[in-house]
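Overview (structure and organization)
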Amino acid sequence: MATRTLTVFCGSRSGADPKWVALAEEVGREMVQRDMALVFGGGGNGLMGAIAGAVIEAGGKSTGVIPESLLAVEPAMEGLTELFVVDSMHTRKFIMSERADAFLVLPGGIGTFEEFFEIWTWHQIGLHNKPIVLFNAFDYYTPLLHFLEQGMHTGFIRPEHHCHMRVATSVREALDGV
């Protein structure tokens, strides 16, 4: 079986509880066990650095894509298989999307939300037909999922578009979904 490439969107911060870093590391290790390659935002901080570090340590393939403007505030991850320094966030997301066989969204902040919503929108308008898994670890995304249900029930989100993403609550379920 050929290596699948998984683009992971996640926080450039670690969160207030060490469980978030442990979760990202577990995902990274399990990806390598499943012969999955990582494409991510390229930063060495937070959950991004944790997942990439776990992939690297386990001997997996890792590709980072980081805008040049972020390098002043966020160091690129060391030891990557490939690192692309690009001109903009738009170019970053385009490259990450092009290299992906599927998308996994771990906990994160505003940037992660933006990446999730953009890739979900791209699916909705037919720019890709790749699996999207929202990893609702420790109920992190439960309030967002309730909000999205509200959007569906009020007629602003079509049920068929809501079904374009899957929700997982464990590492196994998340990686099985991609």
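Let me begin by describing the structure that accompanies this report. Keep in mind that what you see is a predicted model, and the values were worked out from it rather than measured.

Turning to the sheet that holds strand E4 (residues 82-86), a few remarks are in order. Within the open sheet, the seven strands sit side by side as E4-E3-E2-E1-E5-E6-E7. Their pairing is parallel. Each end of this open sheet is capped by a strand with a single partner; those strands are E4 and strand E7 (165-168). Direction aside, neighbouring strands of the sheet carry axes that sit 20 degrees apart on average. In the sheet, strand E1 (residues 4-9) pairs with strand E5 (residues 102-105) via four bridges, with the strands oriented parallel. Looking across to E5, one finds that Phe 9 is bridged to Val 105. Sheet strands in contact with helix H2 (residues 46-57) are E1, strand E2 (36-40) and strand E3 (62-67), and its direction is about 150 degrees off that of E2. Against the sheet, helix H4 (residues 110-124) contacts E1, E5, strand E6 (132-135) and E7, and its axis sits at roughly 150 degrees relative to E6.

Take the packing of aromatic side chains next. The final tally for this structure, using the stated rule, is eight aromatic pairs. Considering the side-chain rings of Phe 113 and Tyr 141, the 6.3 Å spacing of their centres and the 70 degrees angle between planes classify their relative orientation as edge-to-face. Placement of Phe 113 in helix H4 and of Tyr 141 in the loop between E6 and helix H5 (142-153) is noted, with a sequence separation of 28 residues between them. Assessed through its relative accessible area of 31%, Phe 113 is described here as partly exposed. With centroids separated by 6.2 Å and ring planes inclined at 35 degrees, the aromatic side chains of Phe 117 and Trp 120 adopt a geometry described as tilted. Highlighted residues: Phe 117 and Trp 120, both in helix H4, separated by three residues, approximately one helical turn. Taken together, Trp 20, Phe 113, Phe 138, Tyr 140 and Tyr 141 form an aromatic cluster joined through their ring pairs. A cation over an aromatic ring shows up here: Lys 19 above the ring of Phe 138, its NZ or CZ 4.5 Å from the ring centre.

Tallied over the full model, the rule gives six salt bridges. When the shortest N-O distance is used, the salt bridge between Glu 118 and Lys 93 registers 2.4 Å. Within this pair, whereas Glu 118 is found in helix H4, its partner Lys 93 is found in helix H3 (residues 89-99), the two being separated by 25 residues in sequence. Overall, the relative accessible area of 5% leaves Lys 93 in the buried class. Several salt bridges share partner residues, and in doing so they unite Glu 30, Arg 34, Arg 172 and Asp 176 into one network.

Thresholds, definitions, all that
- Numbers given to residues run from 1 along each chain, matching the order in which its sequence is written.
- Totals for whole chains, interfaces and linings use all residues, but because this is a predicted model, local features are given only for residues with pLDDT of at least 70 and pairs of side-chain atoms are given and counted only at 80 or more.
- Excluding hydrogens and water, the side-chain values take into account all heavy atoms of the structure.
- A pair of strands is treated as paired once DSSP finds two or more bridges between them.
- A run of H or I in DSSP counts as a helix once it spans at least four residues, and a run of E counts as a strand once it spans at least two, with each numbered from the N terminus.
- Axis angles are defined between N-to-C directions and span 0 to 180 degrees, where every axis is a line fitted to C-alpha atoms and, for a helix, only to the segment in contact.
- Whether two residues are in contact is decided by their heavy atoms: any pair within 4.5 Å suffices.
- Two aromatic rings from Phe, Tyr or Trp, using only the six-membered ring of Trp, form a pair when their centres are within 6.5 Å; if the ring planes differ by under 30 degrees the pair is stacked, by over 60 it is edge-to-face, and anything between is tilted.
- The buried label applies to any residue whose accessible area, calculated with a 1.4 Å probe on protein chains only, is under 20% of its type's maximum; exposed applies above 50%, and partly exposed to all values in between.
- In our convention, an over-ring charge means Lys NZ or Arg CZ found within 6 Å of a ring centre and within 35 degrees of that ring's normal.
- Salt bridges are identified by distance alone: a Lys or Arg side-chain nitrogen within 4 Å of an Asp or Glu carboxyl oxygen.

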